[in-house]
Each structure stands twice: as structure tokens, then as C-alpha cells.
Amino acid sequence: MAAANRTMSGFAKRVRVSESANLSEKVKYRSFCLIVIDCLRADELLPYGANEAFFGGLTFRNCFAASGWTLPSMASILTGHFPAEHGLHNHYCQIKVPTKAEIFRDAGFYTAAVVNNNNLDPAFGFANGFSSYTYLKNEQHDDVFELAPQHLKEAAERRSFVLIHTNVVHDYGMDRPYYRDPEGKEPIPPVAHKPWITWPDQYHRVLRARYRRGIRYCMERIRSEVLPHLDLSSTL
């Protein structure tokens, strides 16, 4: 999320200069696809092939998330603003600045999103500017990879901005087959998402192993079900 945050923030600044102009004449690429893997650590990328070779592009190594949790951090990714500027600090606020989806839409782009986190509820303003916004709850991991190709096919014939957000790496505490020890030897942690709890060493090892299995599963799904629908010669 940190890498995407800084990248989109930089792009947002370039676009914001010409918001009233014809965006299609200002950008090199025909379409834009933003894939956000919630809770993915930068130091866990390389073992699973998510480096420069994964998308045939660049790796940004000096990137920082605007916040430590999904709600304000995703708002920063989609607006190019820090939380103090975009206004979405908690569940009682909304995004109060234009989103990149709104800028793309106003420039004539098709805009679509499929998101997979309870914090990305349209009520907070995340759907602003999207022609199609599919909001999935945390537990609906597989639905993201089943619906994303549909959005990408719809976007393939036109200028487009597509957001794909998956929570599968974030939710390693859930009891799902892709997190479990294939040999069935690991204890199941009682609660995973409580970082303030002091866990016994055995649980730290178990949680890290489950987290990495989630990354592996996520990367496999992206490779097999998302990337084949992207024309990387014309899509950023």
C-alpha cells in the first residue's frame, strides 16, 4: 500500500495541474489500473516475485503509507492528499477533496472498482467518480478475483481507470485453506489482528507463516486472473 500511495500521490499532483484540461492529451497511457494489496509489507515482496519483473515496470523503494490503517491510507492513495487534507480520519468523516476517479471520469474515462475491505464503504466517499463500484466485505476474498476480470474486459475497449483492491493478505487470521499449514501441524491463533497483545513466540512464527501463505495465494490469483486481462503496453 505504501508504494501505491506514493506513486498515485505523485501522479495526482501531475494531473491536478491540468484538471480542467483534456486529460487524454496530457497522459501517455490509454488506461490505468491500480492494484492495491492491503497490508502487504515491502520486505515480503521479493520472495514471491512481486519485483520489477512482475509487471515489467519499476519498484519504488522509498515509499511510505500516509497512515497505519486502511481508511485514511486508501483515501490518500485515491486523492494524492495526506489525511489532514482529504478529511477522512475515522468512520464519522468523508473524503472532502476530489478523487482521481472523479478526475478521470470528468475527462471521459470509464472508471470501475472492486474493493474488499469493510473500511471502503461507499458512505465514506470511496465510490466518488466511479461508474461502477463493487464493495465487498473482508471475508469475500475470492469474489475480487472473480469480478476483476469482468471490469477489465469492460475497460479494455476504452480509456479507463480501474481499481482492484484485495484484503486477502490482511486477513491471515481467518480460517481459510490458503492460510493453513498444509501439514496441519501449526496451532490456530485465537485472534490474529490484535497487535497490542504480547503473543508467545510460537504464535509469532505461526502468524508470519500464515501471512506469507496469504501473499503467495494472492500473487498466484493476480498472475492467473488479473494480469492476463491487462495490456501492459498501453496500461499503467
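Conventions used here
Residues numbered from 1 in each chain as written. Predicted model: local features only at pLDDT ≥ 70, side-chain atom pairs only at ≥ 80, totals over all residues. Heavy atoms only, no water. Helix = DSSP H or I, 4+ residues; strand = E, 2+ residues; numbered from the N terminus. Buried < 20%, exposed > 50% of the residue type's maximum accessible area, 1.4 Å probe, protein only. Contact = heavy atoms within 4.5 Å. Phe/Tyr/Trp six-rings, centres within 6.5 Å; stacked < 30°, edge-to-face > 60°. Lys NZ or Arg CZ within 6 Å of the ring centre and 35° of its normal. Salt bridge = Lys/Arg side-chain N within 4 Å of Asp/Glu carboxyl O. Core = buried A, V, L, I, M, F, W, Y, C linked by side-chain atoms within 4.5 Å. Pairing = 2+ DSSP bridges. Axes fitted to C-alpha atoms, helices over the stretch in contact; angles between N-to-C directions. Polar contact = N/O pair within 3.5 Å; in protein donor to acceptor, adjacent residues only side chain to side chain. Expected span 1.5 Å × (residues − 1). Bend = angle between axes of the 7 residues up to and from the residue.

### A short note on the overall build of the protein chain
Then, number 1: Counting its secondary structure elements, the protein chain contains 7 helices and 4 strands.
Then, number 2: Element order for the protein chain, N to C, with α for helix and β for strand: α-β-α-α-α-α-β-β-α-β-α.
Then, number 3: By residue count, 48% of the 236 residues in the protein chain fall in the buried class.
Then, number 4: Counting only contacts in the protein chain whose residues sit at least 6 apart along the sequence, the fraction spanning at least 24 positions is 66%.

### Observations regarding the packing of aromatic side chains
Then, number 1: Enumeration according to the criterion identifies 9 aromatic pairs in this entry.
Then, number 2: With 5.7 Å between their ring centres and 45° between their planes, Phe-130 and Tyr-133 make a pair best called tilted. Both residues of the pair, Phe-130 and Tyr-133, belong to the buried class.
Then, number 3: Taken together, a centroid distance of 4.0 Å and an interplanar angle of 10° make the contact between Tyr-178 and Tyr-217 stacked. Taken as a pair, Tyr-178 in the loop between strand E4 (160-166) and helix H7 (201-225) and Tyr-217 in helix H7 lie far apart in primary sequence, 39 residues in all. Like Tyr-217, Tyr-178 is buried.
Then, number 4: Following the ring pairs from residue to residue traces out a cluster consisting of Phe-32, Phe-104, Phe-109, Phe-130, Tyr-133 and Phe-161.
Then, number 5: A cation over a ring is seen here: Arg-159 above Phe-109, with NZ or CZ 4.8 Å from the ring centre.

### Details of the pattern of salt bridges
Then, number 1: In the structure shown here, the tally under the stated rule is 8 salt bridges.
Then, number 2: Its salt-bridge partner being Asp-43, residue Arg-41 comes within 2.6 Å of it at the nearest N-O pair.
Then, number 3: Here Arg-41 falls in the partly exposed class, since its relative accessible area comes to 40%.

### Describing the environment of Phe-104
Then, number 1: Here Phe-104 shows up in helix H5 (residues 100-106).
Then, number 2: Exposure remark for Phe-104: the relative accessible area of 2% places this residue in the buried category.
Then, number 3: Along the backbone, Phe-104 and Gly-129 are 25 residues apart, and their C-alpha atoms lie at a distance of 7.8 Å.

### With respect to the nonpolar core
Then, number 1: With 30 residues, the main nonpolar core has Ile-37, Ile-164, Val-168, Val-169, Ile-222 and Val-226 as its most contacted residues.
Then, number 2: Looking at this core element by element, the count peaks at 7 residues for H7.
Then, number 3: Membership of the second largest hydrophobic core comes to 25 residues, among which are Leu-34, Ile-77, Phe-126 and Ala-127.

### Details of the sheet that holds strand E1 (residues 31-37)
Then, number 1: Reading across the sheet, the 4 strands line up as E1-E4-E2-E3 and stay open at both edges, with parallel pairing between neighbours. With partners counted over all chains shown, the strands left at the sheet margins are E1 and strand E3 (132-136), one partner each. Adjacent strand axes in the sheet meet at a mean angle of 5°, parallel and antiparallel pairs treated alike.
Then, number 2: The sheet contacts of helix H6 (residues 141-155) involve E1, strand E2 (110-116), E3 and E4, and relative to E2 the element is tilted by about 175°.

### Focus: the side chain of Thr-111
Then, number 1: Mapped onto the elements, Thr-111 comes out in strand E2.
Then, number 2: In this structure Thr-111 comes out as buried when scored by relative accessible area, which is 0%.
Then, number 3: Among the polar contacts made by the side chain of Thr-111, one reaches the main-chain carbonyl oxygen of Gly-129 at a distance of 2.7 Å.
Then, number 4: Of the polar contacts made by the side chain of Thr-111, one reaches the backbone nitrogen of Ser-131; its length is 2.9 Å.
Then, number 5: In contact with Thr-111, other than residues within four places in its own chain, are Ala-101, Phe-104, Arg-105, Gly-129, Phe-130, Ser-131, Ser-132 and Phe-161.

### Side note on H6
Then, number 1: Taking 1.5 Å of rise per residue, the 15 residues of H6 would be expected to cover 21 Å, and the 22 Å separating its terminal C-alpha atoms lies within 8% of that figure.
Then, number 2: When the local axis directions of H6 are compared, the greatest deviation, roughly 25°, occurs at Leu-147, which is followed within four positions by the proline Pro-149.
Then, number 3: For H6, the full list of buried residues reads His-141, Val-144, Phe-145, Ala-148, Pro-149, His-151, Leu-152 and Ala-155.

### Looking at unusual backbone geometry
Then, number 1: Here Cys-39, not a glycine, exhibits a phi torsion of approximately 75°, which is positive.
Then, number 2: With respect to the element layout, Cys-39 can be found in the loop between E1 and helix H2 (52-55).

### Some details on the environment of Lys-100
Then, number 1: On the secondary structure map, Lys-100 appears in helix H5.
Then, number 2: For the pair Lys-100 and Leu-78, spaced 22 residues apart in sequence, the C-alpha separation works out to 5.7 Å.

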